[in-house]
Amino acid sequence: MPTALQDPLFQLVLAAVLGALGVMLLLPKPQRQSRTLGVFLAMAGLAVFGAFLYTAFGRPMSDSIADVLFCIFAAVALLSGTLLVTQRNPARGAIAFAFVILSTCGLFLLLAAPFLMAATIIIYMGAIIVTFLFVLMLSHVVGPSDENDRSREPLLGSLAGFAFIGLICFTLLQGHTNIARAETALPQPMLTANDRSLLAEASADFDRAIAAEEIADAFKHYGSGRAKLLLIVGQGELNSEHPPVRERLSAMRTEPRTMALLKQTEGLRVLANSTDDKLLNAGIDLNQFRYAIKLLRDQTVIYSGNGQLPARNVANIGYILYSEHILSVELAGTLLLVATIGAVTMTQRRKEATA
Amino acid sequence: MISLWHFLSVGAALFGLGLVGFLTRRNLITMFLCAEMMLQGVVLNFLAFGRYHGDLSGQVISLFIIAVAACEAGLALALFLMLYRRGRTLDSGSWQNVREAGVPASIDREPLPKPEYIEPAPTLPVAGLKPKPTQEETVRA
C-alpha cells in the first residue's frame, strides 16, 4: 500500500474534494442529470472521511460496542445530512432532517447526555418537524418550481462548505499531533485513568478490611489500601514512579477547578492520617475500626469521581440550571414569550388588508 | 486514546454540510432545516467538550441553544407564512428586489423542465338508483 494513502492530510483533502464534487453533482439543477456519479463520489468521500478519522485519531473509543455505535450514528447523520441538502422534495428533506436528529441523539447518548437526547427528540422530532411539514403542506407546489429545482451557485457553495470542513479537521489534526508531542493544546483531565484505577483498588481494599472478621486481617487490607491512596493524595514523600496529584497540578494552581481539586486532595490526605490515629486508639474494638475505615472508603469513592460527569444527569442539570444559571433560565423564558407574541402578531391578517 | 476528536470532526462535518445547504438551496424551509443542522453540529461540540472535562455546563448551554432554536423556528415559520401569502412562493430568490443597492440581480438563464403530463384521476360514471334523501336533507331542502 502506498504511504501517500495512509497520510491523514492526504486523506482529508481527498475526502473534502470527493465530498464537494459529489454534493455539487447531486444538488438540484433544471436539466435532468444522472445522479449515479454524484452518489458514488459522495459515498467515497464519506468512506475516506471515516478512514481519515481512523488514521488521524485512532479508534473512537476503548470498547468495541461504543465504537460500532459511534460509527453507525455518525455515518447515518452525515448521510441523511447530505440527503437533506440534495433532496428536491422539501417534505422528504424534512424526513431526512428527522434522521439527522435521531442519529445525533444517539451521539448525545454516547456523550452521557440522556436528558438532552430526550429533549432534542421531543422538541425537534415532535414539534419542529411536524410544524414544518404542516407549513409545507400549506404551500404545496405541483410540478417543477424555482425553489426546489434550482440551486444557487452549486460549485462555489459546495466548495466553500467542504473547504470549511477540511480546515476545521486540519486544525483538529494539528491539535492532536501537538498533544502527542506533549505540547499540550488541550488541558488533560485532572485525574487520569491510572489514578482512577488505583483509587478503585484502594476502595476495594478498604471494603475487604470492613468485611474482615479478624482485626489483624483488617489491618493488613487497610494498610495496603492506604498505601495506594497515599500514592495519589500524598505529598510525594513516598518517592514512587507515580507522581502524586498535587505535584502534577502545581503548575496551574490559579485555576478555580484545580484549586478545588487540590483542596479535596489535601482533605483526603488529612482524613487518611486522622484515620490512622483513630485506629491506633480504637484498640481491639472491631466496630469502631470498621466505622473509621468506612468513612475513609466513602471519601475515596467520592474523590475518584472528580472530573467525571455525575451519574444522576437530570437531577444535576436541574440543580445547575436553578442555582448557577437562574438568570439565563428567566431570560430564555422571556425570549420564548416574546417570540410567541411576535409570531402571532406577524401572521395576523389585518382587517383593512383583507377588505 | 481520546475520543473527543472524533466527535469534534463529526460536529464540524455536520456544520459544513448545513453550510452547503444554506448557501445553495433556495427553498426557505430547506434553508432553515440546514441552519438547524448547523446548530446540531455546534451542540455536538459543546457536549463533547463537556464530557471531556467532566462538566455539566456544556449540557446546560446546549439546553439554552435548544430553547433559542425553538423561538427561532416559531418566528421563521410565521415569517415564511407571511411571505408565502404575499408572493405565493417559498423561493428566497423571489425576494431579491429588496437587496442592497449596487448588487447585481441573479437571473436564472436555464429554463425549468416542462412539467410531465399527469393523467387525471379516474372518475366513476353515475349509475344505479338515486338513494332516498334522509330526513335532514329533506328538511334542509
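For every chain, the first residue of the written sequence is number 1, and numbering continues from 1 along that sequence. Ligands are numbered from 1 and chains lettered from A, in the order in which they are written. For a predicted model such as this one, the threshold for reporting local features is a pLDDT of at least 70, and the threshold for listing and counting side-chain atom pairs is 80 or more; totals across whole chains, interfaces and linings nevertheless cover every residue.

Asks: If you had to explain the overall build of chain B to someone new, which residues and values would you point to?
Replies: Helices and strands together make up the secondary structure of chain B, namely four helices and zero strands. The order of helices and strands in chain B, counted from the N terminus, is α-α-α-α. The C-alpha radius of gyration of chain B comes to 26 Å, more than 25% above the 14 Å expected for a compact globule of 141 residues. On the principal axes, the C-alpha backbone points of chain B span a range of 80 × 50 × 30 Å. Residues classed as buried in chain B amount to 41% of the 141 residues present. Within chain B, counting contacts between residues at least 6 apart in sequence, those at least 24 apart form 46% of the total. Secondary structure counts use DSSP, requiring at least four H or I residues in a row for a helix and at least two E residues in a row for a strand, with both numbered from the N terminus. Within these notes, the globule rule equals 2.2 Å times the number of residues to the 0.38 power, and the radius of gyration is based on C-alpha atoms. Exposure classification rests on a simple neighbour count of other C-beta atoms within 10 Å of a residue's own: a residue reaching 20 or more is buried, one at 12 or fewer is exposed, and one in between is partly exposed. C-beta atoms are placed from the backbone. For the purpose of contact definition, each residue receives a C-beta atom placed from its backbone, and two residues are in contact when these atoms lie within 7 Å.

Asks: Any details on the domain arrangement of chain A? Residues and values, ideally.
Replies: Residue ranges for the domains originate in an automatic or database domain assignment. According to the domain assignment, chain A contains domain 1 (3-180), domain 2 (193-304) and domain 3 (314-354). Distance between the C-alpha centres of domain 1 of chain A and domain 2 of chain A: 48 Å.

Asks: Please give an account of the environment of Glu72 of chain B that cites residues and values.
Replies: All names here are of chain B. Tracing the backbone shows Glu72 in helix H3 (residues 57-87). Its 17 C-beta neighbours within 10 Å are what place Glu72 among the partly exposed residues. Taking C-alpha positions, Glu72 is 9.6 Å from Phe32, a pair spaced 40 residues apart along the chain.

Asks: Help me get a handle on the interface of chain B and chain A, residues and values and all.
Replies: Opposite the 63 residues of chain B that make contact, chain A presents 84 residues. The biggest single contributor to the side of chain B that touches chain A is H3 of chain B, with 20 residues. Split by residue class, the side of chain B that touches chain A holds 42 nonpolar, 15 polar and six charged. Amino acids outside the nonpolar list (Ala, Val, Leu, Ile, Met, Phe, Trp, Tyr, Cys, Pro) and the charged list (Asp, Glu, Lys, Arg) are all regarded as polar, and Gly is one of them.

Asks: Outline the packing of helix H14 (residues 326-347) of chain A against H3 of chain B, listing residues and values.
Replies: Think of two packed helices as two axes; the pair is described by the angle between the axes and how far apart they sit. Only the stretch in contact is used when a helix axis is fitted, and all axes are lines through C-alpha atoms; the angle between N-to-C directions ranges over 0 to 180 degrees. The N-to-C vectors of H14 of chain A and H3 of chain B enclose an angle of 10 degrees; their axes lie 9 Å apart at closest approach. Regarding the angle of H14 of chain A to H3 of chain B, the classification is roughly parallel. Contacts from Ser328, Ala332, Leu335, Leu336, Ala339, Thr340, Gly342, Ala343, Met346 and Thr347 of chain A in H14 of chain A reach Phe64, Ala67, Val68, Cys71, Gly74, Leu75, Ala78, Leu79, Leu81 and Met82 of chain B in H3 of chain B. The residue inventory of the contact of H14 of chain A with H3 of chain B, partitioned by class, reads 15 nonpolar, five polar and no charged. For this classification, under 35 degrees means roughly parallel, over 145 means roughly antiparallel, 65 to 115 means roughly perpendicular, and everything else is oblique.

Asks: Before we move on, can you summarise the environment of His221 of chain A with the specific residues and values?
Replies: Residues and elements named next belong to chain A. Its location among the elements puts His221 in helix H9 (residues 215-233). Between the C-alpha atoms of His221 and Asn89, which are 132 residues apart in sequence, the distance is 69 Å. In this structure, His221 is in contact with Asp205, Arg208, Ala209 and Ala212, ignoring residues within four places of it in sequence.

Asks: Provide a residue-level description of the confidence of the model for chain B, including the pertinent values.
Replies: Residues and elements named next belong to chain B. Confidence of the predictor at the level of single residues is given by pLDDT, which spans 0 to 100. Put simply, chain B has an average pLDDT of 88, and 98% of its residues get 70 or more. Least confident of the elements in chain B is helix H4 (residues 135-140), whose mean pLDDT is 80; most confident is helix H1 (residues 4-24), at 94. Across the predicted assembly, pTM comes out at 0.79 and ipTM at 0.83.

Asks: If you had to explain the confidence of the model for chain A to someone new, which residues and values would you point to?
Replies: Counting all residues, the mean pLDDT for chain A is 83, and 89% of those residues have values of 70 or more. Across chain A, the element-wise mean pLDDT spans from 57 in helix H15 (residues 351-354) of chain A up to 94 in H14 of chain A.

Asks: I'd love a proper account of unusual backbone geometry, names of residues and values included.
Replies: All names here are of chain A. Located in the positive-phi region is Ala112, a residue other than glycine, with phi close to 60 degrees. On the basis of neighbour counts, which here come to 19 C-beta atoms within 10 Å, the residue Ala112 falls in the partly exposed class. A positive phi angle is found at Glu153, which is not glycine, with a value near 45 degrees. Examined against the element boundaries, Glu153 turns out to sit in the loop between helix H6 (146-149) and helix H7 (154-180).

Asks: Explain the packing of H9 of chain A against helix H12 (residues 286-304) of chain A residue by residue, including any values.
Replies: Residues and elements named next belong to chain A. Packing of H9 against H12 leaves a shortest axis separation of 12 Å and a crossing angle of 20 degrees. When the interaxial angle is binned, H9 and H12 end up roughly parallel. The hand of the H9/H12 crossing is left-handed. Contacts between H9 and H12 involve Ile215, Ala218, Tyr222 and Leu229 from the first element and Leu286, Phe289, Ile293 and Thr300 from the second. Here the residues of the contact of H9 with H12 sort into seven nonpolar, one polar and no charged. Rotating anticlockwise by less than a right angle from the far helix to the near helix defines a left-handed crossing, while the corresponding clockwise rotation defines a right-handed one.

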